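Chain by chain, the residues:
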Amino acid sequence: MYKTLFYDFKRGFFKPVTLLFLVLFAATGIGLASLVQSRIAQMGTGAFMNVLLLAVDLTENKSYVLGYVYTVEEDQVVPIRGVLSYKVSCTNGTDSNRKIEVVKGETTFDGLIEEEKPLSANTTSLMQDLERVSCQVEISIYTARGGRGYTGFQTPYLVNGRAIISYSVNLVTSVGPSAALLYDIGFARTDSKVNIVVALLSLESEDFEANLYLKELPAGSAPQFGVGPSGVVAENPEGKGFINVGVVRSRKITVLQYDLSNTNTTSVEFIIAKKINGNYKYYAYRSAFLNVVGGISAIIRQSLVYILTTIALSLFAAFSPLIPIYLVNVYIAKPRSQGALEFVLARPITRLDIYMSRFLAGILVVVAATTLFYTAVMAGVKLSIGIALDLYANVLLYLSLLLPLVAFYSVCYFLATLVRGARYLALSIVVFVLFKFLLSVIATAIILMTYGGLYTPEVARVSAKTEYVLKYLNPLGIGDLVQYYVYEHYNMTSAIPYPEVVSEFVNPWYIGVAVAGWICIPAAIGWLRFKKANLAS
């Protein structure tokens, strides 16, 4: 039996038409993954966060770009790939029509951006009349999840005799109490933690490092703790209720975490300070709101599920039934019309062996085709946007593709015991069209005729109920029933028309009975026909 099954599987799997189907499905899966990525990017879901600090030192003829593009998954910061482009152009008040491109760059990143480069223009004319210089900063971030652009106008300022232009995307100004320290900070809160991403640039020392202190603020409260000008020597911040979160370093991106599992705070104060000779020097102080990112992941996954079910997987579901139709023709219908099965029985093999081995071999080919397509789609999505669905959703979506195909294969297998050859192909295509298209059309027409031809809200509710009841009576409708639980898992049932009506009729036990019935009953009736059928041509 096993040898026969393996032989029949190879015979069906390596047919040129089957291989063509598999190649097309794999290519389609990769293409649809790109489509999913582009659609999510167009939806503007706020699918990533970023910190970014750009500084131009006109005196030292250098530019610095520090940034991190990321999302947060399961309390962890996860980098996102993309491309950063930036440009700083300045005009001198004595010649406002002449724009000097001070620095321009483009760099690819995998989350982390740490770039230092010389300026691309001679800035001598700018330095001659610094007070009248105006600079435009242009920054663009492109990722598979969408893009962002920032534009700002800055005037240079002097720090320790150096002319500096700086821009940060999260803070109103990146200059703290000490103008020698530039920074940008992003806070991303999940249910239990705050993830802190810090971009820091010290103009005092390349080896600068300090500590970041954090203090939770009750909801709605204003900051109570202020600091004086740069250089003030003050007490330990921990004596003011601050907690030492970790060390931050110049010219580096630092990622820190703070436990918030026992609080519901929505804003914090933070201090960047350094202990010097037993005292503390404060370099930066601000208050900030915490971005709650649990919603971002949920929105992205909801968008992904919606696009997958309405575009990518629905296309596969529309055309994949051609595989069962073709396989049954190869295994049963065509050999019956040619009398080939009668010769097979001349070997030491029974009719039941033929029937079961070819039935199971066809199911294995269907499993291979479905697995190849689904893997191509989900791997492409993961590689392009860096996000994946959880195991529960993946299993359900995979089954929503596989189970209808196996059920329809069983129906086609039964049809091949009734008719053979070209008549089988014609009958199976008619049955496919009936299940895929006509059944719901006929039901809708009957409902409209019953209610006088007017599509009222009551008719819509009855149609939604009827549609889901009919899916149990349709082998190709089982997938929609399974996908309902994916929508429910991601709180998306509102995307289904009249979910309160539909929920009354979607039941996992009913789905299991329907799947078992559509697979086993046609196969069993088909066997009763096959064991008595004339296998001669």
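Residues numbered from 1 in each chain as written. Predicted model: local features only at pLDDT ≥ 70, side-chain atom pairs only at ≥ 80, totals over all residues. Heavy atoms only, no water.

A. Quick peek at the packing of helix α11 (residues 478-489) against helix α13 (residues 508-530). Between α11 and α13, the shortest axis-to-axis distance is 11 Å and the interhelical angle comes to 155°. The angle between α11 and α13 falls in the class roughly antiparallel. Handedness of the α11/α13 crossing: left-handed. Together, Ile478, Leu481, Val482 and Tyr485 of α11 and Pro508, Ile511, Ala514, Val515 and Trp518 of α13 make up the contact between the two elements. Within the contact of α11 with α13, the residues separate by chemical class into nine nonpolar, no polar and no charged. (Axes fitted to C-alpha atoms, helices over the stretch in contact; angles between N-to-C directions. Helix = DSSP H or I, 4+ residues; strand = E, 2+ residues; numbered from the N terminus. Parallel < 35°, antiparallel > 145°, perpendicular 65-115°, else oblique. Left-handed = near helix turned anticlockwise from the far one by under 90°. Contact = heavy atoms within 4.5 Å. Nonpolar A, V, L, I, M, F, W, Y, C, P; charged D, E, K, R; others polar.)

B. Structural detail: the pattern of salt bridges. A complete count under the given rule lists seven salt bridges for this structure. Close ionic contact of glutamate 116 with arginine 251 constitutes a salt bridge, the shortest N to O distance being 3.4 Å. Taken together, the residues span a long stretch of sequence, with glutamate 116 in strand β6 (residues 112-118) and arginine 251 in the loop between β15 (243-249) and β16 (252-259) at a distance of 135 residues. We classify glutamate 116 as partly exposed; its relative accessible area is 41%. (Salt bridge = Lys/Arg side-chain N within 4 Å of Asp/Glu carboxyl O. Buried < 20%, exposed > 50% of the residue type's maximum accessible area, 1.4 Å probe, protein only.)

C. Local environment of the nonpolar core. Core analysis: the biggest nonpolar cluster contains 83 residues, and Leu308, Leu389, Tyr424, Val506 and Ile511 have the highest contact counts within it. With 17 residues, the single largest contributor to this core is helix α8 (residues 391-418). Judged by nonpolar contacts, the second largest core, of 30 residues, contains Leu84, Leu130, Ile139 and Val169. (Core = buried A, V, L, I, M, F, W, Y, C linked by side-chain atoms within 4.5 Å.)

D. Looking closely at the side chain of threonine 370. If you trace the backbone, threonine 370 turns up in helix α7 (residues 351-385). For threonine 370, a relative accessible area of 0% puts it in the buried group. Within the local environment of threonine 370, its side chain forms a polar contact with the backbone oxygen of valine 366, the two atoms lying 2.9 Å apart. Once residues within four sequence positions are removed from consideration, threonine 370 is found in contact with Phe316, Tyr398, Leu401, Leu402 and Leu405. (Polar contact = N/O pair within 3.5 Å; in protein donor to acceptor, adjacent residues only side chain to side chain.)

E. Focus on the side chain of serine 428. By the secondary structure assignment, serine 428 is in helix α9 (residues 421-450). Looking at serine 428, the relative accessible area reads 0%, which means it is buried. A polar contact is formed between the side chain of serine 428 and the backbone oxygen of leucine 425, at a distance of 3.0 Å. The contacts of serine 428, once residues within four sequence positions are left out, are Ile325, Phe408, Cys412 and Leu415.

F. Representation of the pairing of strand β7 (residues 134-143) in the model. Bridge count for strand β4 (residues 81-92) against β7 is ten bridges, and the pairing is antiparallel. Bridging from a neighbouring strand, tyrosine 86 pairs with isoleucine 139 of β7. As paired elements, β7 and strand β8 (residues 146-154) share nine bridges and run antiparallel to each other. Within the sheet, the bridge partner assigned to glutamine 136 lies in β8 and is phenylalanine 153. Where β7 folds back onto β8 in an antiparallel hairpin, the turn is made up of two residues. (Pairing = 2+ DSSP bridges.)

G. Examining the confidence of the model for the chain more closely. Here the chain shows a mean pLDDT of 81. Residues at 70 or above account for 86%. Scored below 50 in pLDDT, residues 172-177 makes 25 contacts in the model with residues more than four places away or belonging to other chains. A low-confidence stretch, residues 223-231 (pLDDT under 50), is modelled with 20 contacts involving residues beyond four sequence positions or located in other chains. (pLDDT = per-residue confidence, 0-100.)

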